[in-house]
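Architecture at a glance
Next come the chains, spelled out residue by residue.
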Amino acid sequence: MKLVNGQHGLVFEIHGRKIGPDYPPLVIAEIGINHEGSFDKAIRMVDDALASGCECVKFQYHVIEDEMIPNDVIPGNATESIWDIMKRCALSDSDEARLKSYVESKGLIYLSTPFSRVAANKLELLGVNWYKIGSGECNNYPLIQHVATFGKPVILSTGMNDINSIRPSVEILRRAKVPFALLHCTSMYPTPYDKVRLALFLSLLKLSLMRYWDCLTTRLVYTLVLLLYHLVHRF
């Protein structure tokens, strides 16, 4: 992945696919952990994403022991603890490698979100070309610093964060001189129209020279009219 100058601004280029205001939107299918730890289900979801016209699929890489301490915290939208959910849904290292190979064999772009430094190291060993940082890790500065040392582009989600907590992450990425893009995210699913806060783009614009991508955590019809880039994004 590299950063190039386009006619109307800076452009990301990955695997020959240019992403910017002069090019069609890049639609990223958020698979995350929705495969629930099943490799076969993950493959079916990749195939579905391809059939739907997506060019990129995104997963999450969890090494639960390095990510959190054992706990019995049950999220409001679940009936089991977050520890048990993540433990159940994490793929093995070999399955993660097989999944990346399958994605790329289909001509799709592979993207994954590490939730710990160990997970980031494992992705680096897989030879990924870029990294996605989730909203929940936007202010996890040790993780962002660690990922930045790889020298590869970073897509940073900003949901549940304010400018003061986003700014240190941006400064880390700038010091590392890695290309990055900020995602304007509202971590409510689906996002009510009065919570979209599109004006936040103006604040984010002050933090980065990059154009901004919108997450389809907002309602599709409303945002497609207003924004340049659209990602199917969840975390």
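As a starting point, this report considers the structure included with it. Values in this document were obtained by computation on a predicted structure and should not be read as measured data.

Some thoughts on the sheet that holds strand β5 (residues 56–61)
- Pairing is parallel in the open sheet, where three strands are placed in the order β4-β5-β6. Two strands bound the open sheet, and with one partner strand each, they are β4 (28–32) and β6 (109–114). The mean angle between the axes of side-by-side strands here comes to 25°, regardless of whether they run parallel or antiparallel.
- Where helix α4 (residues 93–105) meets the sheet, it contacts β5 and β6, and its direction lies at approximately 170° from that of β5.

Points about the packing of aromatic side chains
- Using the criterion set out here, one finds two aromatic pairs in the structure.
- With 5.8 Å between their ring centres and 25° between their planes, Phe59 and Tyr110 make a pair best called stacked. Here Phe59 is found in strand β5, whereas its partner Tyr110 is found in strand β6, with 51 residues between them in sequence.
- Judged by relative accessible area, Phe59 falls into the buried class, the value being 1%.
- On the accessibility criterion, Tyr110 (4% relative accessible area) is buried.
- Centroid distance Tyr131 to Phe150: 5.5 Å. Interplanar angle 25°. Geometry classified as stacked.

Here we look at the pattern of salt bridges
- In the structure shown here, the tally under the stated rule is ten salt bridges.
- Residues Lys122 and Asp93 are paired through a salt bridge, measuring 2.7 Å at the closest nitrogen-oxygen approach. You can see Lys122 sitting in helix α5 (residues 117–126) and its partner Asp93 sitting in helix α4, a full 29 residues away along the chain.
- Taking relative accessible area as the criterion, Lys122 reaches 23% and is therefore assigned partly exposed.
- Lys152 is the salt-bridge partner of Glu124, the closest N and O atoms lying 3.2 Å from each other. One end of the pair, Glu124, is in helix α5; the other, Lys152, is in the loop between α6 (141–148) and β8 (154–157), and 28 residues separate them in sequence.
- Given the relative accessible area of 24%, Glu124 is considered partly exposed.
- Several salt bridges converge on common partners, so that one network encompasses Glu36, Lys41, Glu80 and Arg88.

Remarks on the nonpolar core
- Among the nonpolar cores identified, the biggest contains 42 residues, and Val57, Phe59, Leu99 and Leu173 are the most heavily contacted of them.
- Membership of the second largest hydrophobic core comes to 13 residues, among which are Ile28, Trp130, Ile155 and Cys185.

Observations concerning the pairing of β5
- Of all six residues making up β5, six are buried, and the element is well covered by its neighbours.
- Burial along β5 is two-sided: Cys56, Lys58 and Gln60 and Val57, Phe59 and Tyr61, pointing in opposite directions, are all buried.
- Here four bridges tie β4 to β5, and the two strands are oriented parallel to one another. Within β5, the position partnered with Ala29 by the bridge is Val57.
- Considered for its hand, the β-α-β crossover made up of β4, helix α1 (residues 39–51) and β5 is right-handed.

Cut-offs and rules
The written sequence of each chain sets the order in which its residues are numbered from 1. With pLDDT at 70 or above as the cut-off, local features in this predicted model cover only qualifying residues; side-chain atom pairs require 80 or more to be listed or tallied, and sums for whole chains, interfaces and linings still use all residues. Side-chain metrics rest on all non-hydrogen atoms present in the structure, leaving aside hydrogens and water. By this definition, two strands are paired if DSSP reports at least two bridges between them. Each helix is a run of H or I in the DSSP string that is no shorter than four residues. Each strand is a run of E no shorter than two, and both are numbered from the N terminus. Helix axes are fitted only over the stretch in contact, all axes being lines through C-alpha atoms; the angle between N-to-C directions runs from 0 to 180 degrees. Should any heavy atoms of two residues lie within 4.5 Å, those residues are considered in contact. When the centres of two rings from Phe, Tyr and Trp lie within 6.5 Å, Trp using its six-membered ring, the rings pair. Their planes under 30 degrees apart give stacked, over 60 give edge-to-face, and anything left gives tilted. The classification of residues rests on relative accessible area computed with a 1.4 Å probe and restricted to protein chains. Under 20% of the type maximum is buried, over 50% is exposed, and intermediate values are partly exposed. Counted as salt bridges are all cases of a side-chain nitrogen of Lys or Arg within 4 Å of a carboxyl oxygen of Asp or Glu. Here, nonpolar core refers to any group of buried Ala, Val, Leu, Ile, Met, Phe, Trp, Tyr and Cys residues whose side-chain atoms link them within 4.5 Å. With strands facing away from the observer, any crossover in which the path from the first strand over the helix to the second runs clockwise is taken as right-handed.

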